[in-house]
Amino acid sequence: MIDRVIDSRGMDSFDLRFIGLIAIILSVGVLSIYSVTHSQDTTFPFYLKQLVWILLGTIAFLVMYLSDYHKIARLAYPTYAVILILLAVVLVMGKSSRGAQRWIPIGPFAFQPSEFAKLVLVLVLANYYSRVSRVGWLQRVVVPGLIVLPGLLLILKQPDLGSGLSFLAVYAAMLLMVGVRSKALGIILLLSVMLFPFVWEMVWASLHDYQRQRVMAFVDPDYDPGGKGYHALQSKIAIGSGELSGKGLYGGTQSQLKFLPEGHTDFVFAVYAEEWGFVGVLVLLALFIALIWVSLEIAARAKDTLGALLAAGIVAMLCFCVVVNIGMTAGMFPIVGIPLPLVSYGGSATIMTMASLGLLLNVKRRRLTLFY
Amino acid sequence: MIGFNDSDLLDLQRRLVILRVGLLLVVALLALRLWHLQIREGPYYRDLSENNRTRSVVLEPARGLIFDRNGILLANNVPSFALYVTLEDVKDRQGLIAQLAALLNLDPEVIQKKLSLGKGSKLQPRKIKDRLTLREATLIESHRLDLPGVMVQVESQRNYPGGVVAAHLLGYVGEVSADQLERADFADLHQGSIVGQYGVEKTFDRQVRGRAGQKSVEVDALGHEKRAVVAEKPMAGDDLYLTIDIRLQKVAEDLLGEETGAIVALDPTTGDVLAMASRPGFDPNMLSKELTNKQWVEIVQNEGRPLNNRATQGQYPPGSTFKVVMAAAALESNTVTPSTMVRCNGGYQFGNRLFHDWKPGGHGSVDMNQALIHSCDVYFYTVGQRMGIDTIAEYAKQFGLGQETGVELGSERVGIVPSTAWKQKARNQPWYPGETISAAIGQGYVTVTPLQMASVIGTVANDGLSMKPRLVQAVMNRATGERAEFPPTVRGKVSVKPASIALIKESLTDVVTKGTATRAKSALVTIGGKTGTAQTAALRTGPEKDIPKKFRDHAWFVAFAPVDAPRIAVAVLAEHMGHGGSAAAPLAKEVIETYVKAYPQVLKGTSAGGGAKSATASRPKTS
């Protein structure tokens with residue numbers, strides 16, 4: 001085995017580019033959070049808290065970066081078990097917010113297991129696929145599906161539609177990466193289409209009122225601006241009114257005057273778009289594309305299957321969150337609670353994302369051992 | 001190791017390419033969407049966001065002040081709190097109505113009505129209540145966080161320091177009505193605007209109203225005010241300077257006291273209304289508030305009809321005061337000469353009907369002077385019959401009867417000057433000669449307003465030159481400080497020879513010194529006048545005191561002073577007070593004496609030997 005060999009060259013320019021991109025995107029986030037919440041009169045404002053999360057995230061990044069990812073992968077199943085227990089705990093004694101129980105209070109903070117569950121799922125699936133041979137669609141599709149299922153159900157029970165969708169996205173991305181035979185894909189598609197009405201019925205019945213309203217609001221947001229379409233419309237107004245060059249820092253009236261709800265968390269992109277305009281939006285999109293490009297590079301050059309699958313899963317998760325978050329603030333998707341990675345305020349999400357990126361860089365670092 | 005082999009890894013790397021292409025496509029889609037929102041529809045969303053955050057709040061202007069001729073304040077403004085609601089910021093309308101109703105002790109239906117009034121946008125704050133008490137205002141302010149969309153504004157509220165004094169002239173203010181808002185001259189107003197609804201407040205509303213300002217208030221999503229963005233200052237209305245002397249006005253009103261009637265005092269040389277009292281009156285402060293339906297019904301159905309300005313809207317038979325017009329007509333139409341004698345033995349036989357003189361035994365043989373002094377009815381029956389109704393009507397019109405005087409008060413009534421043409425038109429009947437006899441002594445169809453009679457006697461006093469009665473002598477623009485004077489205007493000149501006028505004036509002076517109006521005799525000033533008693537009921541049986549008051553006659557007295565150079569003309573009408581000589585004449589005397597005491601210079605004119613016009617020096621205006 002060669003996975004014990006550790007590269008001793010330290011950081012190269014690639015690493016610096018990767019870390020630099022992360023730092024810039026994090027700064028954009030802190031600045032936007034500061035802009036929305038600076039007028040709030042609290043001793044511990046959100047932007048300072050976010051800086052603390054980033055500090056903790058940096059530690060998580062370093063831990064994931066410096067440990068051997070094979071070792072980490074070996075802990076995947078036990079960690080998944082812990083996460084499942086935590087998700088169950090959340091349901092029993094979690095902190096509620098807007099009808100959903102997603103948080104476990106720890107002192108003044110709240111810990112959101114569903115965020116970490118995403119990363120753990122990547123680890124579990126990468127670990128699984130790297131060890132089983134391709135002996136048929138049962139091993140490729142059904143067994144991993146059964147692994148995904150308990151976590152997915154616990155998350156949907158909270159309910160956390162956003163994390164649930166991310167879960168499915170990770171699973172789907174993994175399936176794509178390991179290559180589902182067209183026959184299996186066909187069966188899945190056919191089953192999905194046949195089962196859709198039943199699933200929809202089930203999902204619709206299990207949704208909370210506010211979620212149903214959001215789905216309805218997505219269909220016709222302009223119908224009732226004061227009601228269910230409020231978030232969607234206010235977000236569109238915020239983004240649209242930024243026009244080409246934006247209203248400038250602190251100039252975002254939509255967010256400054258609280259027309260835009262959740263301005264520092266899920267809708268932080270709208271705040272940014274209002275203040276920096278289309279130009280700023282293109283810059284941020286370019287930053288994300290660059291980060292993902294570099295990450296894909298790592299996945300493509302991974303020295304082993306585990307590394308490649310880990311990298312691919314993490315990138316897929318990142319892509320999914322970025323696309324769905326921006327899509328929902330821009331009114332392209334229904335509003336599901338997915339934060340914008342590295343930008344939205346949130347402890348669990350920030351730490352999880354940074355840990356994931358640490359793991360990514362870990363994969364890259366170890367591929368260099370191939371050249372020795 | 002049962003993992004993937006190297007070919008799997010290559011396979012995987014090939015699939016990563018698919019991920020890359022897919023990612024680029026999706027991000028391109030996102031960028032396209034954002035371009036659509038920010039560039040193509042950017043201006044639209046920019047407008048939406050502007051509307052989102054700004055509420056335009058009207059800043060009500062302060063109405064112009066109103067002063068009397070000497071600069072004494074009659075109407076001003078005091079600060080008051082008004083409650084506004086912006087529907088856009090109200091999330092739960094019914095809940096808010098219930099809350100406000102409880103806090104302000106209001107009828108929920110009234111609030112509901114106010115909220116749905118007007119077709120303005122939901123962004124336009126609607127006034128729900130003004131004149132909040134300090135307690136109510138603080139109550140609302142303390143519940144502010146629970147009442148999104150609710151706003152308390154400080155506004156100026158109309159105040160009449162004198163209360164009931166001059167109420168009919170000043171008028172009152174009120175919220176612009178829905179009907180008024182439809183009209184062009186109220187186009188710059190909005191629901192909740194305050195406009196004059198009566199008196200000069202109404203007539204001069206355009207000047208006094210001022211111009212509303214605007215405050216753009218930036219609000220947050222909860223409708224709470226963050227800061228005012230742009231402020232267009234409201235412009236105060238113009239100040240009015242009335243011709244009345246508030247002291248004289250008060251004296252006139254107090255003289256009427258609890259009685260019903262009117263007193264008008266004019267300056268015959270300018271037409272200035274020095275005082276115009278009408279009783280019963282009302283408190284404009286109360287009417288300027290928002291009244292409940294019940295309060296309105298009480299006022300409108302009050303038997304004394306306090307909202308009626310009897311000086312301009314009360315129409316009464318002039319009774320014997322009409323003989324002034326009759327005398328001028330008779331002399332001018334050459335029906336009689338000053339020395340023509342008429343025999344009065346207490347009655348005038350016409351056909352098979354006997355018209356009585358007020359004095360059962362008659363006055364014996366009288367000429368015009370004596371006829372006026374003693375108010376001989378038979379004399380005027382006779383000359384009236386000789387002239388015919390149309391001649392009488394012609395002169396009555398020359399004196400301004402049957403027409404508006406043009407004073408700056410709304411809804412002026414004109415009375416009736418009967419003629420053959422009038423009767424044909426109004427009653428579709430021919431004129432009966434016997435009706436001329438009643439008309440000759442100011443009874444029958446003839447009706448006048450007290451203001452018209454004041455104008456008649458003023459015209460006589462001013463030697464036949466009729467000045468248009470006016471209430472407002474100047475308007476001062478607040479912004480520029482410019483004072484625009486309204487010059488007195490001539491209404492007309494009656495075609496009566498100076499000698500005839502002189503004779504009438506002399507006779508009217510004799511009325512006071514030795515005739516029916518000796519109770520108007522003053523030690524301070526020479527007064528000329530004519531009494532009148534207007535019959536209200538056809539049947540007159542028994543002594544006056546036995547007749548129920550509402551059937552008793554109206555007492556008239558018209559007067560002018562000083563005789564040599566008249567500066568004041570007065571008409572007194574006291575409803576159901578009986579004889580003019582006893583009930584009305586003393587009131588006129590009081591008014592005249594008060595005026596003379598306040599303006600002693602009007603007497604100097606007389607002592608200087610008829611230099612009446614020199615006394616105008618005391619009045620700064622005239623042009």
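Above this text is the structure in question.
Remember, it's a predicted structure, so these values are computed and weren't measured experimentally.

**Here we look at the interface of chain A and chain B**
Opposite the 57 residues of chain A that make contact, chain B presents 39 residues. The tally of links between chain A and chain B comes to 2 salt bridges. Between Glu 297 of chain A and Arg 20 of chain B there is a salt bridge, with the nearest N and O atoms lying 3.1 Å from each other. When contributions to the side of chain A that touches chain B are tallied by element, the ones reaching two or more residues are α5 (113–131), α7 (161–178), α10 (230–241), α11 (253–256), α12 (268–300) and α13 (305–329) of chain A. If one sorts the elements of the side of chain A that touches chain B by residue count, α12 of chain A sits on top with 14 residues.

**Overview of the pattern of salt bridges**
All chains considered together, the criterion is met by 26 salt bridges over all chains. We note a salt bridge from Asp 15 of chain A to Lys 364 of chain A, for which the minimum N-O separation is 2.6 Å. In this pair, Asp 15 of chain A sits in helix α1 (residues 13–37) while Lys 364 of chain A sits in helix α14 (residues 347–367), placing the two residues 349 residues apart along the sequence. Like Lys 364 of chain A, Asp 15 of chain A is buried. Among the ionic pairs, Arg 279 of chain B bridges to Glu 253 of chain B, the shortest N-O distance being 3.7 Å.

**Some thoughts on the nonpolar core**
As a rule of thumb, nonpolar side chains are buried together in soluble globular proteins. Core analysis: the biggest nonpolar cluster contains 130 residues, and Tyr 379 and Ile 568 of chain B have the highest contact counts within it. When near neighbours in sequence (up to four residues on either side) are disregarded, Tyr 379 of chain B contacts Val 336, Thr 340, Val 342, Val 366, Asp 367, Met 368 and Ala 371 of chain B. One finds Ile 237, Leu 309, Val 336 and Ala 355 of chain A within the second-largest nonpolar core, a separate group that totals 118 residues.

**Details of the sheet that holds strand β21 (residues 528–534) of chain B**
Residue and element names in this part refer to chain B. As summarised here, the arrangement of the 5 strands in space is β12-β11-β23-β22-β21, forming an open sheet in which the pairing is antiparallel. The two strands at the open ends of the sheet, each matched to only one other strand, are β12 (273–279) and β21. Direction aside, the axes of adjacent strands within the sheet are offset by 5° on average. With 7 bridges joining them, strand β22 (residues 554–561) and strand β23 (residues 568–574) adopt antiparallel strand pairing. In the sheet register, Val 558 faces β23, and the bridge partner there is Ala 571. The sheet strands contacting helix α10 (residues 246–256) are β11 (261–266), β12 and β23, and the helix crosses β12 at an angle near 30°.

What counts, and where the lines are drawn
- Residues numbered from 1 in each chain as written.
- Chains lettered and ligands numbered in written order.
- Predicted model: local features only at pLDDT ≥ 70, side-chain atom pairs only at ≥ 80, totals over all residues.
- Heavy atoms only, no water.
- Contact = heavy atoms within 4.5 Å.
- Salt bridge = Lys/Arg side-chain N within 4 Å of Asp/Glu carboxyl O.
- Helix = DSSP H or I, 4+ residues; strand = E, 2+ residues; numbered from the N terminus.
- Buried < 20%, exposed > 50% of the residue type's maximum accessible area, 1.4 Å probe, protein only.
- Core = buried A, V, L, I, M, F, W, Y, C linked by side-chain atoms within 4.5 Å.
- Pairing = 2+ DSSP bridges.
- Axes fitted to C-alpha atoms, helices over the stretch in contact; angles between N-to-C directions.

The analysis is restricted to geometry; functional conclusions fall outside its scope.
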